[in-house]
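Notes for the structure review
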Amino acid sequence: MISRTGDMTDTLKISNLHVNVGDKPILKGVDLEIIRGETHALMGPNGSGKSTLGLAIMGHPGYEVTDGKVEINGENILEMDADERARLGLFMAFQRPIAIPGVKMADFLRHASTNIRRPDRKEGEDLIPMREFRKELREKMGQLKMDTEFARRYVNDGFSGGEMKRAEILQMAMLKPKFAVLDETDSGLDVDAVKLASQSIAEIGREKMGILIITHHDKLLEHNTPDKTHVILGGRIVETGGPELAQELHQHGYDRIRAAHPEAAAEDDKMKVETAAAG
Amino acid sequence: MPQTETATGFTTETFEAFLASRDEPAWLTEQRRAAFAAFGELPQPNSSMEEWRRTDIRLLRLEKFAPAIERGSEASLPEALLTSGVSTSSIDEDELDQATPLVEQMTGVVSEVDSAAAQLTLAGQSTALNSHSVTSELTEAYASQGVVFGSLDQLVSQHPDLVQKYLFTRAGNPRYDRFAALHAAFWSGGTFLYVPRGVKIADPLHIQSCITPGGADFGHTLVVLEDGAEATLLAELSGGEQAGGLHCGGVEIIVGQGAFLRYVNLQNWDKSVWHFAHHKGLVEADGRLQWTVGALGSKLSKVNQHVALVGPGANAQVNGVMFTEGKQHLDYHTLQHHEAKSCNSDLLYKGALQDNSRMVWRGMIKVDPGADKTDGYQRNDNLMLSEDARADSIPGLEIEADDVICTHGATTGRVDDEQIFYAQARGLTRNEAIRVIVAGFFQQVFDRITIPSVREALGHAIRRRIREYE
């Protein structure tokens, strides 16, 4: 039985995860364990499998898990649809959020919030009362310094890159997940926006979530010091360290890592060649 | 099927019996005779005609249906959709609380737009069954201002000159095709709305036309707004459960100078009914027509919707909401005819298709010589909810004037898997995600429909139809 209370020992555990996209293996045995309250950074060169890990955890049907497990508090979630995972408290801020024209942010979020907060809700049952929801949404938007007009806009439709990322953070703030994967939430944002995003994440209550920050910068990490930093290369996590590792990668790049893990580096090169050929 | 000895078919015998059953002025009898003659002369539509190329009516058996000669057995009318939340009496507070906005109706999600539907009252209501008038009411406050509303059948004798002035004189053309002729020969029941100069009717008027299984509806709607008048008319067609039925209808709308009509036509027949209709709206200088079409029912529909902008500064907005399922086949031809300069027409048809259903939309913007400074727009978007459905979108422009802006567009797409995943990642089930996405698809056209009860009715009807999506 999964704890749905605020148990701070909630754990997201990824073991030996192998994921294919199409016929192509992208992840080749990833192990990672996040305890609720911790912040982890996942870094790695482009195309090393970072986003694949996020999408596989969330349950994107295009990412086929060929081996391994993803567990929340010991229960394997890999057979679950994305919505069931979300209801267990899993959240992902998308690198490229999807537009849903005609659906207002407020309506979408009200539906989402109801389902997440009442995981046993059946289709067609009542939603959170409108008044109550609006009040909460307004408060959150105020905290995130977002114009309330945002709530009336259609989900990600015509949003700028920065607006999309801020909308993802707003959604996270409303849905209050136990575990959140932030997939390059800092990309496409200018320095001030990254700062605001970082502060927002901190305000939401970093200590209440287990966070996996996928990034290849360290900008988002400045305000969200990771407890652990993982480096992914060639579809595997090759090194795990503290905040100083993120610092090092940001300043000196991946040369040392590649030299220390020649096999993974070769895998990584191979994946890139294949990607380039496929592209 | 009619169980009585009523003669069926549209023969000289049934036509004469039909005429004999009616006590009508000579001009009207002559008009009917001319139309019946045209019905005999005009060719049966077939696939060699451009307008009928995509719609096959070879299975239609007109001879099974009867003209509205004798009143059939009384049947109760189904519940009206367009007036849900509309009360003719004082507002019930409980009803007000229960009124549900469109998006929640469709998805369980409430939109920012609060429902004002329950605050509406009706200015009048007219109902018909199998093309016979059942009830007809008009609020005294409007009757005393000279508004005429009710069964066209009955109003022909009360206001013969008024009806003669407009019936098939300016908008309707009995010779357009064989169904137009059949309709003009056999129309019965129907509705007449006449709003005198400058009279503004704040509350909507409602028309409900029904048929019993196997029944036929030949209702004719005639709407005349004199200069500066305003009205909202909600019409809905339903019934014909499973046993089939026939609608051969016509709508004539005349919007006078500076007048404003909001007209809604919701076609919600049983999916066994044949639906043929010619609708034409004429808008004079600076008049405005907001015309919303809901096309949900019928086995097969062939509709001509024609808007003519005949005076400078006339404006027409056309909204179409279509949803098909099963083996439904809906064919709508729209024409935005700019006959005068500086007019604006804006058409948006949106359709969602399920199962093996098929939709045809063929739109034309026609700009006459001299109709300069025309601003015309037409767009048709279709959303495929199954692999086996088919939608044909055929936009067209015919421009013979200078200095015009005319644009058109058409899209056909499927529900995007990435959208479904995104919504699921936020906790919505696959079903909920699809409903939300479909609701969003229609939102753009719902945003244009300024009558809450209409948005609500259409949203609710669509919601009931969306099934699990593979």
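Further up the page is the structure itself.
Only a predicted model underlies this, so the values are computations on that prediction, with no experimental measurement involved.

Some words on a positive patch on the surface
Residue and element names in this part refer to chain B.
- Together, Arg61, Lys64, Lys299 and Lys327 make up a positively charged patch on the protein surface.
- Tracing the backbone shows Lys64 in the loop between α2 (26–41) and α3 (93–98).
- On the basis of relative accessibility, which here comes to 37%, the residue Lys64 falls in the partly exposed class.

Some points on the packing of α2 of chain B against helix α8 (residues 178–186) of chain B
All names here are of chain B.
- Look at α2 against α8: their axes get within 7 Å of each other, and the N-to-C directions meet at 150 degrees. In this view, α2 runs roughly antiparallel relative to α8, as classed from their interaxial angle. Read as a crossing pair, α2 and α8 show a hand that is left-handed. Counted together, Arg32, Ala35, Phe36, Ala38 and Phe39 of α2 and Arg178, Ala181, Leu182, Ala184, Ala185 and Phe186 of α8 form the full contact between these two elements.
- When the residues that make up the contact of α2 with α8 are grouped by side-chain class, the tally is nine nonpolar, no polar and two charged.

What to know about the interface of chain A and chain B
- If you look at the interface, chain A gives 43 residues, while chain B gives 30 residues.
- Between chain A and chain B, the buried area comes to about 2900 Å², and carbon and sulfur atoms account for 57% of it.
- When the buried area of chain A at its contact with chain B is split by residue, Asp107, His111 and Glu123 of chain A rank highest and sum to 18% of it.
- Between the two partners, chain A and chain B, sit three salt bridges.
- In this structure, Arg121 of chain A engages Glu432 of chain B in a salt bridge whose closest nitrogen and oxygen atoms are separated by 2.8 Å.
- In this assembly, chain A and chain B are joined by 16 residue pairs in polar contact (both at pLDDT 80 or more).
- Those elements that place two or more of their residues in the side of chain A that touches chain B are α1 (50–58), α2 (82–87), β6 (90–93), β7 (100–104), α3 (105–117), α4 (130–143), β8 (154–155) and α5 (161–175) of chain A.

Some words on the nonpolar core
- Leu17, Leu53, Phe108, Leu137 and Leu170 of chain A together with Phe442 of chain B are the most contacted members of the largest nonpolar core, which totals 123 residues.
- A per-element tally of this core places helix α10 (residues 430–446) of chain B first, with nine residues.
- Excluding residues within four positions of it along the chain, Leu170 of chain A makes contact with Met105, Leu109, Leu137, Lys140, Met141, Leu144 and Met146 of chain A.

Focus: the pattern of salt bridges
- What the rule picks out here adds up to 37 salt bridges over all chains.
- Its salt-bridge partner being Glu432 of chain B, residue Arg87 of chain A comes within 3.9 Å of it at the nearest N-O pair. In this pair, Arg87 of chain A is assigned in helix α2 and Glu432 of chain B in helix α10, connecting two distinct chains. Just as Arg87 of chain A is buried, Glu432 of chain B falls in that class too.
- Across the salt bridge formed by Lys373 of chain B and Asp403 of chain B, the nearest N and O atoms sit 2.5 Å from each other. Of this pair, Lys373 of chain B sits in the loop between β17 (358–367) and β18 (375–384) while Asp403 of chain B is found in the loop between β19 (390–399) and β20 (405–414), placing the two residues 30 residues apart along the sequence. Neither residue differs from the other here; Lys373 of chain B and Asp403 of chain B are each classed as exposed.
- Here the residues in one salt-bridge network are Arg22, Glu24, Arg32 and Asp153 of chain B, joined through shared partners.

The rules behind the values
- Residues numbered from 1 in each chain as written.
- Chains lettered and ligands numbered in written order.
- Predicted model: local features only at pLDDT ≥ 70, side-chain atom pairs only at ≥ 80, totals over all residues.
- Heavy atoms only, no water.
- Patch = residues over 30% accessible without salt bridge, like charges linked within 9 Å, V, L, I, M, F, W, Y side chains within 5 Å.
- Areas by Shrake-Rupley, 256 points an atom, 1.4 Å probe, with all protein chains shown as cover.
- Salt bridge = Lys/Arg side-chain N within 4 Å of Asp/Glu carboxyl O.
- Lys, Arg positive; Asp, Glu negative; His and termini not counted.
- Charge placed at Lys NZ, Arg CZ, Asp CG, Glu CD.
- Helix = DSSP H or I, 4+ residues; strand = E, 2+ residues; numbered from the N terminus.
- Buried < 20%, exposed > 50% of the residue type's maximum accessible area, 1.4 Å probe, protein only.
- Axes fitted to C-alpha atoms, helices over the stretch in contact; angles between N-to-C directions.
- Parallel < 35°, antiparallel > 145°, perpendicular 65-115°, else oblique.
- Left-handed = near helix turned anticlockwise from the far one by under 90°.
- Contact = heavy atoms within 4.5 Å.
- Nonpolar A, V, L, I, M, F, W, Y, C, P; charged D, E, K, R; others polar.
- Buried area = accessible area lost by both parts, 1.4 Å probe.
- Polar contact = N/O pair within 3.5 Å; in protein donor to acceptor, adjacent residues only side chain to side chain.
- Core = buried A, V, L, I, M, F, W, Y, C linked by side-chain atoms within 4.5 Å.

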